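Descriptive analysis of the structure
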Amino acid sequence: MPAPRSSGHIPDPNLITLYAERRDSVLHRLDPRAKVGALAWLVLFVTLAQSIPLLVLAWASTVVVYRAGRLPLRELLRWYVIPAIFVLSLVVFLIWEEHGTPLFQVGGLVLTTGGLELALSLLARAFTTVTFSLVVLMTTRYVHLAGLAGAILPAPIDQVFLLSYRFLFTTLELIDGLLLAIRARGGGLVSGVLGRTRLFAGVFALSFVRAYDRAERVGQAMTARGYSGRFAPSEPLPARSAAQLGVIALAFVALALAVVGGVPGFEGGVH
Amino acid sequence: MTRTICCAPEDPASVVHIDCASHVYPDGSYGMHAMCFSVRRGEVVAVCGGNGSGKSTLIEHLNGTLVPAEGRVQVHGETVDDVHRRELWRTVGVVFQDADSQLFAPTVLEDVAFGPTNLGLVPDEARVAAVEALEAVGASALTHKIPAYMSGGEKRLAAIAGVLAMKPEVIAFDEPTSDLDPVNAARVEALIIGLRGQERYGIVLTTHDMDFAARIADRVTVLRHGSVIAEGPPREMFYDADLLADAGLLEPRVVRLWRELCRRTGRDLEPRPITEIEFVSALAGGWEG
């Protein structure tokens, strides 16, 4: 099957859905509980790990796992734009005056090796988490995510979670349509935001209002088919895999021991 | 000519009856005013009217999505109270005009199984009901597709299957052929005709496509400003030029052609045609004679 093209969203939720629902790989066949558990472990791991080589290794490993799921690498690189912008917008205020060897000076502010390491570690953490989150979302069917949400989260928080996830699709779809309409009349997102900020701010605010309106109609259509605040998945969760869950449990134990034991890479607290 | 039909005697065979109901929007305007409407099994009722005439509002009252500010809704002669209103979806299924608003699940199968699951079917039964409904609309090929990557026609078929899977007594279609190309519109039309042939469903459809209504309806209800201004057999309604003009509607193309033919030849024939097939039959069979 040829690789489907992304519509240009960052990220493209429909493409994520396509990979989750219609593709197959070793990762698709894993117990969804184990994948969510692995994500939780990984978030903990990148929070506790202090060594840059270790963080970069974690990131590289998640990319390998991502490819093992037969997921599109080019899209992943494009989807890194959002976390990169997010991290860099924070880092730009944090990297100055850190301990370490001075590298260069901007005005009165000094950038040190410590500042650079901080930037790298934050980027590696963000990319690791984003990559594995995508692995989970792109290899787990929605019906299984819904089943997990129902099992883990109390009502109505599980419903809020599930509906918010779908609301994201609606919002991005409307923003996509909006961008298309802007491009069709010779406009551009960046030039528009820079040149006519107030207009574009209003337009994007309106798109959220429209998304809300659209979500209302989706909700109305769901109610018309009997939805009463409880989404019952049309398929049960796959059988629990004791082996996979055992591996995840062991990984948590190993991480705890590494932190408590001060294993190199985990000592010195969190940055 | 202004005729407002209200509080017509309730048809004892009706599945759902709207009895002199009104709906007021938050701005104080009436979306529906003193509306009376019934539908029985085995019939197709076309609700015709211009934009803002109250067609969609009527559909939402049939399903219990909206509650009338005045008047009442009855199912099999029983007045629907606020508790039972929440169960109206079991009796009346609605196929919304915008299929994108209806299809919310990641795959067609899961979306179509959503209604049966809410009916209390266990997952396996719900999936069987969904597969059967998709077969019934000739859309088995869509079973595992993702709605976002489907055409408008495919989405409409999936939306219809989503309602059919619940096996309601009445199916209400809000503008079922709008935004569809002629081939897909014909497909949906054939599907509705097929459902009528089964005589197990009452079918309500809203439209301002008079040609479509003429081909498919057993009964036509004409709305204006949220009220029923006429109701009756299609032939009677569609040859009433004043009525249609009053409702902001055009006569079906066949009716216009027939009128022109009659004007030019100075002749007329009964029954007057309202569909293309009737028109051709009239020309081929009766006109020369």
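Quick look at the structure, then. (Residues numbered from 1 in each chain as written. Chains lettered and ligands numbered in written order. Predicted model: local features only at pLDDT ≥ 70, side-chain atom pairs only at ≥ 80, totals over all residues. Heavy atoms only, no water.)

Here we come to the packing of helix α5 (residues 81-94) of chain A against helix α6 (residues 113-139) of chain A. All names here are of chain A. Contact pair α5 / α6: the axes reach a minimum separation of 10 Å and the direction vectors enclose 155°. Judged by the angle between their axes, α5 and α6 are roughly antiparallel. The chirality of how α5 crosses α6 is right-handed. Every residue of α6 that contacts α5 at Pro 83, Ala 84, Val 87, Leu 88, Val 91 and Leu 94 is listed here: Leu 118, Ala 119, Leu 122, Leu 123, Ala 126, Phe 127 and Val 130. (Axes fitted to C-alpha atoms, helices over the stretch in contact; angles between N-to-C directions. Helix = DSSP H or I, 4+ residues; strand = E, 2+ residues; numbered from the N terminus. Parallel < 35°, antiparallel > 145°, perpendicular 65-115°, else oblique. Left-handed = near helix turned anticlockwise from the far one by under 90°. Contact = heavy atoms within 4.5 Å.)

Bringing the side chain of Arg214(A) into the picture now. Among the secondary structure elements, Arg214(A) is positioned in helix α10 (residues 197-223). Arg214(A) gets classed as buried once you look at its relative accessible area, which sits at 11%. Excluding anything up to four places from it in sequence, Arg214(A) contacts Thr170(A), Glu173(A), Leu174(A), Asp98(B), Asp100(B) and Ser101(B). (Buried < 20%, exposed > 50% of the residue type's maximum accessible area, 1.4 Å probe, protein only.)

Take unusual backbone geometry next. Residue Pro156(A) follows Ala155(A) across a cis peptide bond; omega there is 0°. Examined against the element boundaries, Pro156(A) turns out to sit in the loop between α7 (142-152) and α8 (157-184). At the junction of Glu270(B) and Pro271(B), the peptide bond is cis and its omega measures out at -10° in the coordinates. Among the secondary structure elements, Pro271(B) is positioned in the loop between α11 (253-265) and α12 (276-287). The phi dihedral of Arg70(A) is positive, around 55°, even though this residue is not glycine. Secondary-structure assignment places Arg70(A) in the loop between α3 (52-68) and α4 (73-79).

It is worth spelling out the sheet that holds strand β2 (residues 30-40) of chain B at this point. Adjacent strands of a sheet form backbone hydrogen bonds with each other and so pair up, either parallel or antiparallel. Residues and elements named next belong to chain B. Overall, antiparallel pairing links the four strands, which are arranged β2-β1-β4-β5 in an open sheet. Edge positions in the open sheet fall to β2 and β5 (78-79), since each of these has one partner strand only. Summarising the sheet, strand β1 (residues 14-24) and β2 pair through seven bridges and their orientation is antiparallel. Counted as the bridge partner of His 23 is Met 32 from β2. (Pairing = 2+ DSSP bridges.)

All right, on to the pairing of β1(B) then. All names here are of chain B. Most of β1 sits out of view: nine of its 11 residues are buried. Between β1 and β2, which pair antiparallel one after the other, the connecting turn spans five residues, and Gly 28 there sits at a positive phi close to 95°. As defined by bridge partners, β1 adjoins strand β4 (residues 70-75) across five bridges and the pair is classed as antiparallel. Counted as the bridge partner of Asp 19 is Arg 72 from β4.

Let us look at the nonpolar core. Phe173(B), Leu205(B), Val222(B) and Phe238(B) are the most contacted members of the largest nonpolar core, which has 61 residues in total. With near-sequence residues (within four places) excluded, Phe238(B) lies in contact with Met210(B), Ala213(B), Ala214(B), Val220(B), Leu244(B), Glu251(B), Pro252(B), Val255(B) and Ile274(B). Within the second largest apolar cluster, 42 residues are counted, among which are Trp79(A), Val87(A), Ala119(A) and Phe132(A). (Core = buried A, V, L, I, M, F, W, Y, C linked by side-chain atoms within 4.5 Å.)

Residue and element names in this part refer to chain A. With four bridges connecting them, strand β1 (residues 102-106) and strand β2 (residues 109-112) associate as antiparallel partners. Counterpart to Val 106 in the pairing with β2 is Leu 109. Linking β1 back to β2 in an antiparallel pair, the connection comprises two residues, with Gly 107 at a positive phi of about 60°.

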